[in-house]
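One-letter residues, chain by chain:
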Amino acid sequence: MIDPNHPFYDALWRRILIPAVCFVWVAIELYAGEAVWAGIVAVVGLFATYKLFLDRKPSEGAKPKERQED
């Protein structure tokens, strides 16, 4: 569903925005009295948080380069 290692997700603001939108939507659903939809969207938000922050491997550009010795 979400490939956390795709270059699209390298930007931190994108990885923060996706779960944030989900949790804002949870609040809207709870305000509207729709607990079932709030629960569904909350699960999606938790899944996105897990995949984008905990299951993500650092990209090649973020790894320190090995130093060549003369």
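Our subject is the structure listed above.
Quick caveat: nothing in here was measured; it's all calculated off a predicted structure.

1. Observations regarding the pattern of salt bridges
Pairs can form between side chains of opposite charge whenever their charged atoms are close. Applying the stated criterion to the full structure yields two salt bridges. For the salt bridge of D10 with R56, the shortest nitrogen-to-oxygen distance reads 2.7 Å. Of this pair, D10 sits in the segment before α1 (12–31) while R56 is found in the segment after α2 (35–54), placing the two residues 46 residues apart along the sequence. For D55, the salt bridge is made with K51, and the minimal N-O distance between the two is 2.9 Å. On the basis of relative accessibility, which here comes to 27%, the residue D55 falls in the partly exposed class. Here K51 falls in the buried class, since its relative accessible area comes to 17%.

2. A word on the packing of aromatic side chains
This structure, assessed with the given rule, holds one aromatic pair. Each ring, one from F8 and one from Y9, has its centre 5.2 Å from the other, and the planes form 85°; the classification is edge-to-face. For F8, a relative accessible area of 40% puts it in the partly exposed group. Directly above the ring of F8 sits R14, whose terminal nitrogen or CZ lies 4.3 Å from the centroid.

3. With respect to a nonpolar patch on the surface
On the surface, a nonpolar cluster with roughly 510 Å² of combined accessible area is contributed by L12, I16, Y50, F53 and L54. Contributing elements (two or more residues each) for the nonpolar patch: α1 and α2. With three residues, the top contributor of residues to the nonpolar patch is α2. Among the structural elements, F53 can be located in helix α2.

4. Looking at the packing of α1 against α2
In the contact formed by α1 and α2, the axes pass within 8 Å of each other and the chain directions differ by 165°. In terms of axis orientation, α1 runs roughly antiparallel to α2. With respect to the hand of their crossing, α1 and α2 are arranged in left-handed fashion. Along its contact with α1, which presents L12, R15, I16, I18, P19, C22, F23, W25, V26, E29 and L30, the element α2 presents A35, W37, A38, V41, A42, V44, G45, L46, A48, T49, L52 and F53. Of the residues belonging to the contact of α1 with α2, the class tally is 19 nonpolar, two polar and two charged.

Rules of the game
- Residues numbered from 1 in each chain as written.
- Predicted model: local features only at pLDDT ≥ 70, side-chain atom pairs only at ≥ 80, totals over all residues.
- Heavy atoms only, no water.
- Salt bridge = Lys/Arg side-chain N within 4 Å of Asp/Glu carboxyl O.
- Helix = DSSP H or I, 4+ residues; strand = E, 2+ residues; numbered from the N terminus.
- Buried < 20%, exposed > 50% of the residue type's maximum accessible area, 1.4 Å probe, protein only.
- Phe/Tyr/Trp six-rings, centres within 6.5 Å; stacked < 30°, edge-to-face > 60°.
- Lys NZ or Arg CZ within 6 Å of the ring centre and 35° of its normal.
- Patch = residues over 30% accessible without salt bridge, like charges linked within 9 Å, V, L, I, M, F, W, Y side chains within 5 Å.
- Areas by Shrake-Rupley, 256 points an atom, 1.4 Å probe, with all protein chains shown as cover.
- Axes fitted to C-alpha atoms, helices over the stretch in contact; angles between N-to-C directions.
- Parallel < 35°, antiparallel > 145°, perpendicular 65-115°, else oblique.
- Left-handed = near helix turned anticlockwise from the far one by under 90°.
- Contact = heavy atoms within 4.5 Å.
- Nonpolar A, V, L, I, M, F, W, Y, C, P; charged D, E, K, R; others polar.

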